[in-house]
Amino acid sequence: MKQIIPLSFQVVVTLLVTLIIIMLLAGCSSSLNEPDAVNSIECLHFVNNSFKDAEILSKKQNKPIFLFAHASYCPACKKMKKEIFPEKEVGDIFNPNFINVQVDIESTEGEILAKRFALSGTPMLIFLAPDGQVIYKSTGNKSAKELIAQAKDLKSADKPVIP
């Protein structure tokens, strides 16, 4: 018959601390590259592809692109990620009507896009027609109400982007 050996208090504490650290690290990995709370169903979703892939998807689905150009050092970018993009009303407008893509302007792809679109600051919000033509471009923090109004007012080939 096997004898059950009770675990010492120190072993139990060590196991619990290790488990907590693993859980914290697992939770942090998705937040490094994704906006906070943007993984919920009711918020603005960004495609996890490159901008080039987003352009192909835009043409295929005949949807305009919403490009969010941000930087790690930008407080306004962080504010939009935490407070604006998680709002249900923003997701309700953007998800069905745009291919949403974000790019860090400090990345290789971001540097190329910064030159292509003459980015002058962050956050930079760019709306592009499926043919790649810039419909609208603005810099700076926007409220949810302002962002939604911008999206609704956009026109591509004299047709509203959003009916």
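All values reported here derive from a predicted model rather than from experimental measurement.

K.L.:
Can you walk me through the pairing of strand β2 (residues 99-104) in this structure?
P.N.:
Every regular strand shows the same layout, with side chains that alternate between the two sheet faces. Of all six residues in β2, five are buried, a share of seventy percent or more. Summarising the sheet, strand β1 (residues 65-70) and β2 pair through six bridges and their orientation is parallel. Counterpart to Leu67 in the pairing with β2 is Val101.

K.L.:
Whenever I open this one, the packing of aromatic side chains confuses me. Can you help?
P.N.:
Working definition: an aromatic ring pair is given by the centre-to-centre distance plus the angle between the planes. Evaluation of the coordinates by the stated rule reveals 11 aromatic pairs. Judged by centre distance (5.9 Å) and plane angle (80°), the ring pair of Phe51 and Phe117 falls under edge-to-face. Within this pair, whereas Phe51 is found in helix α2 (residues 51-61), its partner Phe117 is found in the loop between α5 (108-116) and β3 (124-128), the two being separated by 66 residues in sequence. A centroid spacing of 5.1 Å and a plane angle of 40° characterise the contact between Phe66 and Phe127, whose relative ring orientation is tilted. Of this pair, Phe66 sits in strand β1 while Phe127 is found in strand β3, placing the two residues 61 residues apart along the sequence. As far as the burial class goes, Phe66 and Phe127 line up, both buried. An aromatic cluster of at least three residues, connected via ring pairs, comprises Phe46, Phe66, Phe68, Phe85, Phe94, Phe98, Phe127 and Tyr136.

K.L.:
Is there a simple way to think about the sheet that holds β2 in this case?
P.N.:
In sheet architecture, strand pairing relies on hydrogen bonds along the backbone and comes in two forms, parallel and antiparallel. Taken in spatial order, the four strands of this open sheet run β2-β1-β3-β4, and their pairing is mixed. If you trace the sheet from one side to the other, it starts and ends with β2 and β4 (134-139), each paired once. Neighbour-to-neighbour, the strand axes of this sheet turn through a mean angle of 15°, independent of strand direction. The pairing of β3 with β4 spans five bridges and is classified as antiparallel. Counterpart to Ile126 in the pairing with β4 is Lys137.

K.L.:
Could you clarify how one ought to interpret the side chain of Ser58 in this entry?
P.N.:
Mapped onto the fold, Ser58 is located in helix α2. Judged by its relative accessible area of 0%, Ser58 is buried. Dropping the residues within four chain positions of it, Ser58 is found in contact with Lys63, Pro64, Ile65, Ile99, Ala129 and Pro130.

K.L.:
Just checking my understanding: could you explain the packing of α2 against α5 for this structure?
P.N.:
Two packed helices can be described by the angle between their axes and the distance between those axes. Two elements in contact, α2 and α5, have axes whose closest approach is 11 Å; the angle formed by their N-to-C orientations is 60°. Accordingly, the angle class assigned to the pair α2 and α5 is oblique. On α5, the residues that touch Phe51, Lys52 and Glu55 of α2 are Glu109, Leu113 and Arg116. Broken down by class, the residue content of the contact of α2 with α5 amounts to two nonpolar, no polar and four charged.

K.L.:
Before we go on, may I ask you to explain the confidence of the model for the protein in this structure?
P.N.:
Low pLDDT marks regions whose predicted coordinates should not be analysed in detail. Confidence in the prediction of the protein, expressed as mean pLDDT, is 79, and 69% of residues score 70 or more. Within the model, the stretch residues 21-40 combines pLDDT values under 50 with 23 contacts to residues more than four positions away or in other chains.

K.L.:
Honestly, the pattern of salt bridges in this entry has me stumped. Any pointers?
P.N.:
For side chains of opposite charge, pairing can occur when their charged atoms come near one another. Following the criterion strictly, the structure yields two salt bridges and no others. Between Arg116 and Glu55 there is a salt bridge, with the nearest N and O atoms lying 2.8 Å from each other. Here Arg116, found in helix α5, pairs with Glu55, found in helix α2; they are 61 residues apart in sequence, far enough to count as distant. Using a relative accessible area of 44% as the deciding quantity, one classes Arg116 as partly exposed. Note that Asp92 is salt-bridged to Lys88, the shortest N-O span being 2.8 Å. Taken together, the positions of Asp92 and Lys88, both in helix α4 (residues 88-97) and four residues apart, correspond to about one turn of that helix. Overall, the relative accessible area of 42% leaves Asp92 in the partly exposed class.

Parameters at a glance
Residues numbered from 1 in each chain as written. Predicted model: local features only at pLDDT ≥ 70, side-chain atom pairs only at ≥ 80, totals over all residues. Heavy atoms only, no water. Buried < 20%, exposed > 50% of the residue type's maximum accessible area, 1.4 Å probe, protein only. Helix = DSSP H or I, 4+ residues; strand = E, 2+ residues; numbered from the N terminus. Pairing = 2+ DSSP bridges. Phe/Tyr/Trp six-rings, centres within 6.5 Å; stacked < 30°, edge-to-face > 60°. Axes fitted to C-alpha atoms, helices over the stretch in contact; angles between N-to-C directions. Contact = heavy atoms within 4.5 Å. Parallel < 35°, antiparallel > 145°, perpendicular 65-115°, else oblique. Nonpolar A, V, L, I, M, F, W, Y, C, P; charged D, E, K, R; others polar. pLDDT = per-residue confidence, 0-100. Salt bridge = Lys/Arg side-chain N within 4 Å of Asp/Glu carboxyl O.

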